[in-house]
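# Structural features, examined
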Amino acid sequence: MPQKSTEAYPYAFTVSYVERVWQHRWRCSDVTFHCLEGALCQQWVQTIREQLTALTSRPKHLLVYINPYGGKQQGERIYEQKVAPLFTLASISTDVIVTEHANHARDHLRTEAELKQYDGVVCVGGDGMFSEMVHGLVSRTQRDNGVDQNSPEEKLVPCTLRIGIIPAGSTDCICYATVGINDPVTSALHIIVGDAQPMDVCSVHHNNTFLRYSVSLLGYGFYGDVLADSERKRWMGPARYDFSGFKTFLTHHYYEGTVSFLPATDILGTPRDKTRCRAGYVLLYKCNLSNNIHNQLCSLVLYPHVWGWRVIRGKFLAINAASMSCACPRSPKGLSPAAHLADGTTDLILVRQCSRFNFLRHLLRHTSKYDQFDMTFVEVHRVRRFRFTPRYCQSDSELDLRENGKRLFSQICRDHPACSCSPAYSSWNCDGEILPHAAIEVGYVTTPYNLLCKYTVHSESIQTHSLFPHFVTLQPCYKMDKIKTHQSTHNTPS
Ligand SMILES: Nc1ncnc2c1ncn2[C@@H]1O[C@H](COP(=O)(O)OP(=O)(O)OP(=O)(O)O)[C@@H](O)[C@H]1O
Ligand SMILES: CCCCCCCCCCCCC/C=C/[C@@H](O)[C@H](CO)NC(C)=O
Ligand SMILES: [Ca+2]
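These numbers were taken from a predicted model, which means no experiment stands behind them.

Before going further, it helps to spend a moment on the domain arrangement of the protein chain. Annotation of the protein chain at the domain level lists domain 1 (3-195 + 452-480) and domain 2 (203-444). Opposite the 30 residues of domain 1 that make contact, domain 2 presents 29 residues. Across the domain 1/domain 2 interface, buried area totals approximately 2,600 Å², and carbon plus sulfur atoms make up 60% of it. On inspection of domain 1 and its partner domain 2, the count reaches 1 salt bridge. Between Glu153 and Arg385 there is a salt bridge whose closest N-O contact spans 3.2 Å. Connecting domain 1 to domain 2 are 7 residue pairs in polar contact (both at pLDDT 80 or more). Of all the secondary structure elements, the ones that give two or more residues to the side of domain 1 that touches domain 2 are helix 4 (127-144) and helix 5 (173-179). Class assignment for the residues of the side of domain 1 that touches domain 2 results in 10 nonpolar, 16 polar and 4 charged.

Moving on, we get to unusual backbone geometry. Positive phi, normally seen in glycine, also occurs at Gln73, with a value near 60 degrees. As for its placement among the helices and strands, Gln73 is situated in the loop between strand 3 (61-66) and helix 2 (75-89). According to the relative accessible area criterion, Gln73 is exposed, its value standing at 52%.

Before going further, it helps to spend a moment on the state of the cysteines. Counted according to the given criterion, the structure contains 0 disulfides. For the unlinked cysteine Cys175, the closest cysteine sulfur is that of Cys123, found at 9.1 Å.

Before going further, it helps to spend a moment on the site of ligand 2. Looking at ligand 2, there are 18 residues lining it, with Asp127, Thr171, Tyr223, Asn429 and Gly432 nearest. Between ligand 2 and Asn429 there is a distance of 2.8 Å, counted from an oxygen atom to a side-chain nitrogen or oxygen. Surface burial for ligand 2 is 83%, taken as the share of its 650 Å² of free accessible area covered by protein chains. Ranked by residues supplied to the shell around ligand 2, first place goes to helix 10 (residues 356-364) with 3 residues. Tallied by class, the residues present in the shell around ligand 2 amount to 9 nonpolar, 7 polar and 2 charged. Here the shell around ligand 2 spans two domains, and each of domain 1 (3-195 + 452-480) and domain 2 (203-444) adds at least three residues to it.

With parallel pairing, the 4 strands of this open sheet are ordered in space as 4-3-5-6. Two strands lie at the open edges of the sheet, namely strand 4 (93-98) and strand 6 (162-167), each paired on one side alone. On average, adjacent strands in this sheet sit at an angle of 20 degrees to one another, irrespective of strand direction. Sheet analysis places strand 3 next to strand 4, joined by 6 bridges and oriented parallel. Pairing of Ile66 across the sheet is with Val98, part of strand 4.

Attention now moves to the nonpolar core. Proteins that are soluble and globular tend to have nonpolar side chains buried together. Among the nonpolar cores identified, the biggest contains 60 residues, and Tyr65, Leu109 and Phe130 are the most heavily contacted of them. Split by domain, the residues of this core number at least three in each of domain 1 (3-195 + 452-480) and domain 2 (203-444). Beyond its immediate stretch of four places on either side in the chain, Tyr65 contacts Ile97, Ala105, His108, Leu109, Ala113, Val122, Cys123, Val124, Met129 and Met133. Counting 27 residues, the second largest nonpolar core, distinct from the first, contains Tyr220, Phe261, Ile312 and Tyr392.

This part is about the UniProt feature "domain: DAGKc" (unreviewed entry) in the protein chain. UniProt's feature table lists "domain: DAGKc" (unreviewed entry) at residues 57-208, given in the numbering used throughout. Taken end to end, residues 57-208 is 38% helix and 20% strand, and its two terminal C-alpha atoms sit 38 Å from one another.

We now examine helix 3 (residues 104-112). Of all the positions in helix 3, only His104, Ala105, His108 and Leu109 are classed as buried. Across the axial projection of helix 3, the buried residues extend over an arc of 125 degrees, all falling on one side. Summarising the contacts, the buried residues of helix 3 are in contact with strand 3, strand 4, strand 5 (120-125) and helix 4.

Reading the values: rules and limits
- Residues numbered from 1 in each chain as written.
- Chains lettered and ligands numbered in written order.
- Predicted model: local features only at pLDDT ≥ 70, side-chain atom pairs only at ≥ 80, totals over all residues.
- Heavy atoms only, no water.
- Domains from an automatic or database assignment.
- Contact = heavy atoms within 4.5 Å.
- Buried area = accessible area lost by both parts, 1.4 Å probe.
- Salt bridge = Lys/Arg side-chain N within 4 Å of Asp/Glu carboxyl O.
- Polar contact = N/O pair within 3.5 Å; in protein donor to acceptor, adjacent residues only side chain to side chain.
- Helix = DSSP H or I, 4+ residues; strand = E, 2+ residues; numbered from the N terminus.
- Nonpolar A, V, L, I, M, F, W, Y, C, P; charged D, E, K, R; others polar.
- Buried < 20%, exposed > 50% of the residue type's maximum accessible area, 1.4 Å probe, protein only.
- Disulfide = S-S within 2.5 Å.
- Near = heavy atom within 4 Å.
- Areas by Shrake-Rupley, 256 points an atom, 1.4 Å probe, with all protein chains shown as cover.
- Pairing = 2+ DSSP bridges.
- Axes fitted to C-alpha atoms, helices over the stretch in contact; angles between N-to-C directions.
- Core = buried A, V, L, I, M, F, W, Y, C linked by side-chain atoms within 4.5 Å.
- UniProt positions renumbered as here; feature names shortened; annotations may be inferred.
- Arc of directions from axis to C-beta.

Pasting the structure below:
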């Protein structure tokens with residue numbers, strides 16, 4: 001479009017909008033419109049403002065929690081430099097709390113925060129911070145609705161507030177698996193335009209006592225051991241996972257126990273599908289029958305189909321339950337690439353004892369196009385509930401000591417106390433938090449539809465549009481000879 005001179009079109013206003021750049025990254029751009037008359041300019045500004053106000057899905061007032069110690073300890077800087085200016089531009093007001101200790105955000109949300117005044121809560125941090133928000137909000141909602149959290153049979157009552165994530169952690173798996181990228185600006189823009197995505201929540205119990213909620217990974221064995229070791233190396237920052245991952249790989253411990261699960265039979269799709277979910281939709285694809293048969297043959301089914309439950313006993317290097325893909329920068333396709341965000345199921349992945357070489361092949365397949373489930377010692381089931389019981393009972397005193405972070409001699413193999421073979425127990429990695437209880441029961445995976453949400457949505461079909469039709473904000477009508485900095489594009493409202 002030809003340039004308009006500021007003398008001929010002296011009035012102008014600027015519209016900021018979301019632009020899709022590459023991959024899943026979003027950026028804020030702006031376009032300046034020039035007008036002949038001030039009144040016309042005002043009319044345009046007024047009309048666009050009215051349209052923006054009518055968008056009720058957009059938040060106007062947010063409660064923000066920043067973890068200053070997550071990831072590379074950049075949470076405050078990321079928020080101040082990259083996110084706060086965008087919220088201001090979008091006329092979103094905020095109350096900001098920089099956390100002072102672990103569980104500060106969880107406890108504040110659960111008991112003190114006056115939630116009615118907010119349109120959403122935002123965490124600046126990693127998966128641990130997101131988990132704190134989930135615990136604060138979900139626990140409060142269950143308490144307010146008289147739900148017994150200790151009962152694995154109870155279904156959760158949905159929360160009415162959405163949770164936004166600004167990634168500033170080490171793995172940022174929940175952000176990556178839902179948005180497709182861990183980029184603070186992209187996440188801030190999703191929040192501003194009011195995107196929402198329902199998410200599955202699992203409740204984890206031990207002896208009919210509630211332990212924790214999980215939204216991404218519940219991992220016993222390999223991922224439990226990596227986390228337990230890495231927590232002692234927090235000073236290393238995100239590199240602690242590589243160090244502990246390598247060390248845990250070399251130790252090659254397996255754990256004996258029994259896994260029982262309730263398969264999800266009434267669903268479309270399997271964990272072996274080629275579909276990828278970032279929007280909660282379940283797409284119907286032809287299922288791969290030969291792979292399914294292969295899976296069945298690999299399972300040692302001891303008590304087939306009693307009341308719909310299946311029971312598998314064995315020695316496992318890893319037991320992982322992925323309620324979403326668990327994609328992250330280390331593994332862009334994730335632990336269970338076809339897992340769905342909001343289908344009320346979790347993908348239970350059992351990795352049996354195998355050689356170091358084979359386990360390495362399995363791990364490396366998470367980073368390539370090859371199927372990590374297509375190995376004789378790996379099986380995957382889409383389930384609604386599951387239980388794990390270690391072969392040896394954990395005594396209360398052992399649990400007490402483990403809860404206090406102590407490593408025990410009694411963990412060493414019971415059959416051959418003098419040898420250095422596998423310990424009797426691992427711990428569970430529950431969204432990046434350690435659960436010292438080996439025996440757990442996971443209640444129904446619940447999808448609090450449209451309610452427990454993060455602010456994002458994905459649709460490959462609109463990926464190609466460069467001008468995404470979401471106006472973020474307006475710089476109101478101004479006269480060009482006074483403000484000369486708004487130069488980006490020259491358009492004329494007609
Ligand atoms: N002010 C604080 N001081 C110490 N710990 C905190 C504070 N605020 C939050 N935490 C705790 O820090 C832990 C880690 O935080 P976070 O998840 O943000 O980062 P991360 O562990 O580096 O990232 P990721 O979970 O993505 O690997 C969480 O378990 C959280 O409870
Ligand atoms: C020797 C080669 C190893 C390659 C291994 C690649 C496999 C990576 C799979 C990563 C899955 C991470 C799942 C996310 C878990 C989070 O909940 C948790 C907390 O942030 N992070 C970790 C690392 O436990
Ligand atoms: Ca799921």
